[in-house]
Amino acid sequence: MAKISTRTTADLLTHIGIILSLLAVLFLGFFFLYLPFTTHHGQTITVPDLSRMNTSELEDFLNDHDLRFEVSDSTYVAGAEPLTVVAQYPKPGFKVKAGRKLYITITTENPPMIPMPKLVDQTYVSAQYALSSNGLQMGKLKYVPDLAQGTVLQQLFNGKEILPGTRIAKGSKIDIVVGDGLGNTMFAVPDVVGKPRDEAEMLIRGSNLQVGTILPVEDPEKEVGTVVRQNPAAKPGATIRVGDVIDLWVVGPVENDDTQ
C-alpha cells in the first residue's frame, strides 16, 4: 500500500491556508471597506435649519450638505414670503445619514378661501377668538351707543357688512362694531330736586340712568335727605342719553350705599 508523502500533505494544507486567508481578507474588506464607502456607514450629518429658506435655493443648499428634500405639505401664512419653508422633518440639529431626504412644509402664494364666521351678537372677546381660530385678523374696532355693552353689532370687510358663510381669503382683516353700553336714546332730564334721596335714586334708575356722586350740603330750611341740586340740571330743553350719570347734592350727612 502506497504512503502519502509528507511533502504533499504539507503543500495541501498550505494551499488551504492561503485560500482561507484570501477569503477572510475579502470578507473583511467587503464589510469594513466596501460597504462603509458605498453607504457612508458611520457618517452622520447635522440637519440644518431651513426655516424661511426659499425653494429656489434649497436644492443647491442641500446638495452641498449631501441631503435631499421633498415637499410634503403647503400652508398659507399671512405676511410670509411665498414658497418658503415653515416646517421641516427631521428638525434642525438632528443627526442623519448622508443622502437622507428631508420633508418640508412651504408657504403657498395665494391664501385659501374660507367661510366668514358669525360674530354678531357675540361678545368682543368671543369675536376675537372666532377670528383667530378661523385664520382671520382683527381690523378696526368701533364703539357705538347701544345698551348691549361689549356685544358685536356689525362685522365689516373693506367697509361693507359681510354675512356669515361668505367666502373670504384667509388672513383678511375684519372690522367690528361694538356696543358701548350707553345707548343713543335721548330724553328729557328727569327732575329730582326737592325729592327724598331714595325716591330720587329710584326715579333715576327707573329712567335707565345711573346715580353718580352723592354730595352732602347744609340747608337748615330743608329736611335731611332732601335733594337740593342735581347735575345735569333739569332745565327746559335739556336732554340726557340712556346710561348717563346724574350727580346729586343731598341735605345732611351722606352714608355710602353699597347697593348703588
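Residues numbered from 1 in each chain as written. Predicted model: local features only at pLDDT ≥ 70, side-chain atom pairs only at ≥ 80, totals over all residues. Heavy atoms only, no water.

1. Structural notes on the overall build of the chain
So, point 1. A count of helices and strands for the chain gives 4 helices and 16 strands.
So, point 2. The long-range share in the chain, meaning contacts at least 24 apart out of those at least 6 apart in sequence, stands at 73%.
So, point 3. Carbon and sulfur atoms make up 56% of the accessible area of the chain, which amounts to about 17200 Å² in all. (Helix = DSSP H or I, 4+ residues; strand = E, 2+ residues; numbered from the N terminus. Contact = heavy atoms within 4.5 Å. Areas by Shrake-Rupley, 256 points an atom, 1.4 Å probe, with all protein chains shown as cover.)

2. Section: the sheet that holds strand S3 (residues 85–89)
Whether parallel or antiparallel, the strands of a sheet pair through hydrogen bonds between backbone atoms.
So, point 1. Read across the sheet, 3 strands follow the order S2-S5-S3 without closing on themselves; strand pairing throughout is mixed. Looking along the sheet, the strands with just one partner apiece sit at the ends: strand S2 (68–75) and S3. Each strand of the sheet is rotated relative to its neighbour by a mean of 25°, with strand direction disregarded.
So, point 2. Bridge analysis of S2 against strand S5 (residues 101–107) gives 7 bridges, and the strand direction is parallel. Residue pairing in the sheet places Ser 74 in a bridge with Ile 106 of S5.
So, point 3. Set on the sheet, helix H2 (residues 55–64) makes contact with S2, S3 and S5; between it and S2 the angle comes to about 155°. (Pairing = 2+ DSSP bridges. Axes fitted to C-alpha atoms, helices over the stretch in contact; angles between N-to-C directions.)

3. Notes on the sheet that holds strand S13 (residues 210–217)
So, point 1. On the basis of which strands lie adjacent, the open sheet formed by 3 strands has the order S13-S16-S14 and mixed pairing. Of all strands in the sheet, those with a lone pairing partner are S13 and strand S14 (227–231), marking the two edges. Direction aside, the axes of adjacent strands within the sheet are offset by 25° on average.
So, point 2. Of the pairings in the sheet, the one linking S14 to strand S16 (residues 245–251) comprises 4 bridges and is antiparallel in character. Its bridge partner being in S16, Asn 231 is matched across the sheet by Asp 247.

4. Description of helix H3 (residues 124–133)
So, point 1. Burial in H3 covers these residues: Ala 127, Ala 130 and Leu 131. Projection of H3 onto a plane perpendicular to its axis shows the buried side chains occupying an angular sector of 95°, all on one side. Exposed residues pointing more than 90 degrees away from the buried face of H3 are listed as Val 125, Tyr 129 and Ser 132.
So, point 2. The secondary structure elements touched by the buried residues of H3 are strand S7 (137–149), strand S8 (152–157) and strand S11 (173–179).
So, point 3. Directly beyond the C-terminal end of H3, a positive phi value near 75° is found at Gly 135. (Buried < 20%, exposed > 50% of the residue type's maximum accessible area, 1.4 Å probe, protein only. Arc of directions from axis to C-beta.)

5. Some details on the packing of aromatic side chains
So, point 1. Counted according to the given criterion, the structure contains 0 aromatic pairs.
So, point 2. A cation sits over an aromatic face here: Arg 229 above Trp 249, 4.1 Å from the ring centre. (Phe/Tyr/Trp six-rings, centres within 6.5 Å; stacked < 30°, edge-to-face > 60°. Lys NZ or Arg CZ within 6 Å of the ring centre and 35° of its normal.)

6. A word on the environment of Leu 119
So, point 1. The residue Leu 119 is located in the loop between strand S6 (113–115) and H3 in this model.
So, point 2. You can call Leu 119 buried: its relative accessible area is 0%.
So, point 3. For the pair Leu 119 and Gln 154, spaced 35 residues apart in sequence, the C-alpha separation works out to 7.7 Å.

7. Focus: the pattern of salt bridges
Charged atoms that come close allow side chains of opposite charge to pair.
So, point 1. What the rule picks out here adds up to 6 salt bridges.
So, point 2. Lys 101 is the salt-bridge partner of Glu 70, the closest N and O atoms lying 3.0 Å from each other. Separated by 31 residues along the polypeptide, Glu 70 in strand S2 and Lys 101 in strand S5 bring together distant segments of the chain.
So, point 3. Given the relative accessible area of 33%, Glu 70 is considered partly exposed. (Salt bridge = Lys/Arg side-chain N within 4 Å of Asp/Glu carboxyl O.)

8. Structural notes on the environment of Ala 233
So, point 1. Within the secondary structure, Ala 233 is located in the loop between S14 and strand S15 (239–241).
So, point 2. Here the alpha-carbon distance between Ala 233 and Val 189, two residues 44 residues apart in the chain, equals 7.2 Å.
So, point 3. Apart from residues no more than four positions distant in its own chain, Ala 233 is found in contact with Val 189 and Ala 238.

9. Thoughts on a nonpolar patch on the surface
So, point 1. A cluster of nonpolar side chains, contributed by Leu 12, Leu 13, Ile 16, Ile 19, Leu 20, Leu 23 and Leu 26, occupies part of the molecular surface with about 720 Å² of accessible area.
So, point 2. Note on placement: Leu 20 falls in helix H1 (residues 6–39). (Patch = residues over 30% accessible without salt bridge, like charges linked within 9 Å, V, L, I, M, F, W, Y side chains within 5 Å.)

10. Let's talk about the pairing of S16
So, point 1. Across the 7 residues of S16, 5 count as buried, placing the element largely inside the fold.
So, point 2. As paired strands, S13 and S16 are joined by 6 bridges and run parallel to one another. Of the residues in S16, the one forming a bridge with Pro 216 is Val 250.

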